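Here are the chains, one letter per residue:
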Amino acid sequence: MRTPTDAPVVLDGGLSNALADRGHDLSDALWTARLLRDAPEEIAAVHRAYFDAGAHVATTASYQASVAGFERAGMARAEAERLIRRSVTIARDVRDEVEATADDGASRLVAASVGPYGAILADGSEYRGRYGLSRSALRDFHGPRMELLASAGPDLLAIETIPDLDEAAVLLDLAEELAMPAWLSCTVAGDRLRDGRPAVEAFALAAGRRAVVAVGVNCCAPRDALPAVRSAVAASGTPGIVYPNTGETWDAAARRWRGEPGLDAALAGGWADAGARFIGGCCRVGPDDIAAIARLLASR
């Protein structure tokens, strides 16, 4: 895997909020994945905005993309598969353009987002876990999608917002079988996965796996990030990753965020000191926030 620097790698922020800020309605079940078909240039513009803000990773618009989801929206399987691969090629094209004109000599990465099974249900299940599916069924869902993403040539897989211990185990096994670098990032509340089990059990699953480049948390409250990344580094023996949301809560019924936003970029220094190798933001975190995190990390 290409390595940008020895310092913490700055991730991008939320894709959905950045697209919404550009005037897009993301209220349908496909969420950001719809724009892979309808407005791929807008996804590219958001990737570019995050690179311009100082990010060194573009996370693809595949979090909620699946063949089944696209087929429910009326697309043929071949078109669905093409759109999943397109999520990677859009990010790669932007990355290549940015690196061709940048004079900083830095490498930039494309991380293919592998969201949880609950994301395609569009009912908030990714914040609950415990889908009622066997590990075999989870494998049947995730395996073909991960193969499609890997075939498009990302630098690594972003296994992210994982709420469920069984799902984390399946995804880590699949990443190993693909021999593809990957990070594992779980969503937590306090020291628990969203399915109620201890987060440390998921972090420990990554120990000794060659494919895993980082373990940690995303789409959690900022206050939960520091203890979680400490636990992740200790349990997995790998570098940490942390990219929280702004502390708001997703209301799946109303399809909106509730609560008061607040992400202090100064927190990133503590995350780095705790062993985080990759640092950024998730839902509701925008380019200005990423620019602040990048400035802080660069000044250390």
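In every chain, residue numbers begin from 1 and rise along the written sequence. Residue-level local features of this predicted model are given only where pLDDT is at least 70; pairs of side-chain atoms are given and counted only at 80 or more, and the full residue set underlies all totals for whole chains, interfaces and linings. Values shown for side chains rest on all heavy atoms present in the structure; no hydrogens or waters enter the calculation.

(A) Just the overall build of the chain, in detail. Per the convention used, a helix needs a DSSP run of H or I reaching at least four residues, while a strand needs a run of E reaching at least two, with both numbered from the N terminus. Across its full length, the chain holds 12 helices and 12 strands. For the chain, the C-alpha radius of gyration of 17 Å lies close to 19 Å, the compact-globule estimate for 300 residues. Seen through its principal axes, the chain has C-alpha atoms that stretch 50 × 45 × 40 Å. A 1.4 Å probe rolled over the protein chains alone gives each residue an accessible area, and that area as a share of the maximum for its type sets the label: buried under 20%, exposed over 50%, partly exposed in between. Expressed as a percentage of its 300 residues, the buried residues of the chain come to 58%. C-alpha atoms define the radius of gyration, and 2.2 Å times the number of residues to the power 0.38 defines the globule rule.

(B) Layout of the nonpolar core. Residues enter a nonpolar core if they are buried and are Ala, Val, Leu, Ile, Met, Phe, Trp, Tyr or Cys, with the set joined through side-chain atoms within 4.5 Å. Residues Leu36, Phe70, Ile159 and Ile279 are the most contacted members of the largest nonpolar core, which totals 90 residues. By residue number, the principal contributor to this core is helix 5 (residues 77-101), which donates eight residues. Counting residues in hydrophobic clusters, the runner-up holds 17 residues, among them Val213, Cys219, Ile241 and Tyr243.

(C) Region of the structure containing unusual backbone geometry. Within the chain, Trp31 stands out as a residue other than glycine whose phi angle is a positive 55 degrees. Within the secondary structure, Trp31 is located in the loop between helix 1 (15-21) and helix 2 (34-38). Overall, the relative accessible area of 18% leaves Trp31 in the buried class. The phi angle at Cys219 is positive, at roughly 50 degrees, despite the residue not being glycine. Its location among the elements puts Cys219 in the loop between strand 8 (212-218) and helix 10 (222-236).

(D) Fine view of the packing of aromatic side chains. We call Phe, Tyr and Trp rings a pair once their centres come within 6.5 Å, taking the six-membered ring for Trp, and we label the pair stacked below 30 degrees between planes, edge-to-face above 60, and tilted otherwise. The final tally for this structure, using the stated rule, is five aromatic pairs. Cluster of aromatic residues (ring-pair linked, three or more members): Tyr117, Tyr131 and Phe141. As a reminder, the over-ring test applies to NZ of lysine and CZ of arginine, requiring each to be within 6 Å of the ring centre and within 35 degrees of the ring normal. One cation-aromatic arrangement involves Arg277 over Phe278; the distance from NZ or CZ to the ring centre is 5.9 Å.

(E) Structural view of the sheet that holds strand 5 (residues 182-186). Strand order in the open sheet formed by eight strands is 1-12-9-8-5-4-3-2, and the pairing between neighbours is parallel. The sheet terminates laterally at strand 1 (9-10) and strand 2 (57-59), the two strands that pair on one side only. For two strands to pair, DSSP has to find at least two bridges joining them. Note: strand 2 against strand 3 (residues 109-114), three bridges, orientation parallel. In the sheet register, Val57 faces strand 3, and the bridge partner there is Leu109. Contacting strand 2 and strand 3, helix 5 crosses the sheet at an angle of about 160 degrees to strand 3. Throughout, a contact is declared for two residues whenever any of their heavy atoms are within 4.5 Å. For helices, the fitted axis covers only the stretch in contact; all axes are lines through C-alpha atoms, and the angles between them, taken along N-to-C directions, range from 0 to 180 degrees. Each of strand 3, strand 4 (156-162), strand 5 and strand 8 touches helix 8 (residues 165-178); the most contacted strand, strand 4, lies at about 175 degrees to it.

(F) Layout of the packing of helix 5 against helix 7 (residues 135-151). Contact geometry for helix 5 and helix 7: axes closest at 8 Å, N-to-C directions at 50 degrees. The pairing of helix 5 with helix 7 is recorded here as oblique in orientation. Viewed along their axes, helix 5 and helix 7 form a crossing whose handedness is right-handed. Residues Glu81, Ile84, Arg85, Ser87 and Val88 of helix 5 form the contact with helix 7, whose own contacting residues are Leu148, Leu149 and Ser151. Here the angle decides the label: under 35 degrees means roughly parallel, over 145 means roughly antiparallel, 65 to 115 means roughly perpendicular, and every other value means oblique. Handedness of a crossing is defined here by the sense of rotation of the near helix relative to the far one, left-handed for an anticlockwise turn of less than a right angle and right-handed for a clockwise turn.

(G) Spatial organisation of the pattern of salt bridges. When a carboxyl oxygen of Asp or Glu lies within 4 Å of a side-chain nitrogen of Lys or Arg, that pair is called a salt bridge. All chains considered together, the criterion is met by 20 salt bridges. Arg128 serves as the salt-bridge partner of Asp123, at 3.8 Å between the closest nitrogen and oxygen. Given the relative accessible area of 33%, Asp123 is considered partly exposed. Residue classification places Arg128 among the partly exposed residues on the basis of a relative accessible area of 44%. We note a salt bridge from Arg139 to Glu177, for which the minimum N-O separation is 2.5 Å. A residue pair is termed long-range when its members are at least 10 positions apart, and Arg139 in helix 7 and Glu177 in helix 8 qualify at 38 residues.

(H) Local environment of the packing of helix 3 (residues 40-53) against helix 5. It is the contact of helix 3 with helix 5, at a shortest axis distance of 9 Å, that shows an interaxial angle of 45 degrees. Regarding the angle of helix 3 to helix 5, the classification is oblique. Judged by the twist between their axes, the crossing of helix 3 over helix 5 is right-handed. On helix 5, the residues touching Pro40, Ile43, Ala44, His47, Arg48 and Phe51 of helix 3 are Arg86, Ile90, Ala91, Val94, Arg95, Glu97 and Val98. Only Asp, Glu, Lys and Arg are considered charged, only Ala, Val, Leu, Ile, Met, Phe, Trp, Tyr, Cys and Pro nonpolar, and every remaining residue, Gly among them, polar. A breakdown of the residues in the contact of helix 3 with helix 5 according to their chemical character gives eight nonpolar, one polar and four charged.

(I) Spatial organisation of the pairing of strand 8. Taking burial as the measure, the seven residues of strand 8 include seven buried ones, the bulk of the element. Both strand 5 and strand 8 contribute to a ladder of five bridges, which runs parallel. Counterpart to Trp183 in the pairing with strand 8 is Ala214. Summarising the sheet, strand 8 and strand 9 (residues 240-243) pair through four bridges and their orientation is parallel. The partner of Val215 across the bridge, within strand 9, is Gly240. The path from the first strand over the helix to the second decides the hand: if it runs clockwise while the strands point away from the viewer, the crossover is right-handed. Between strand 8 and its parallel partner strand 9, the chain crosses via helix 10, and the hand of that crossover is right-handed.

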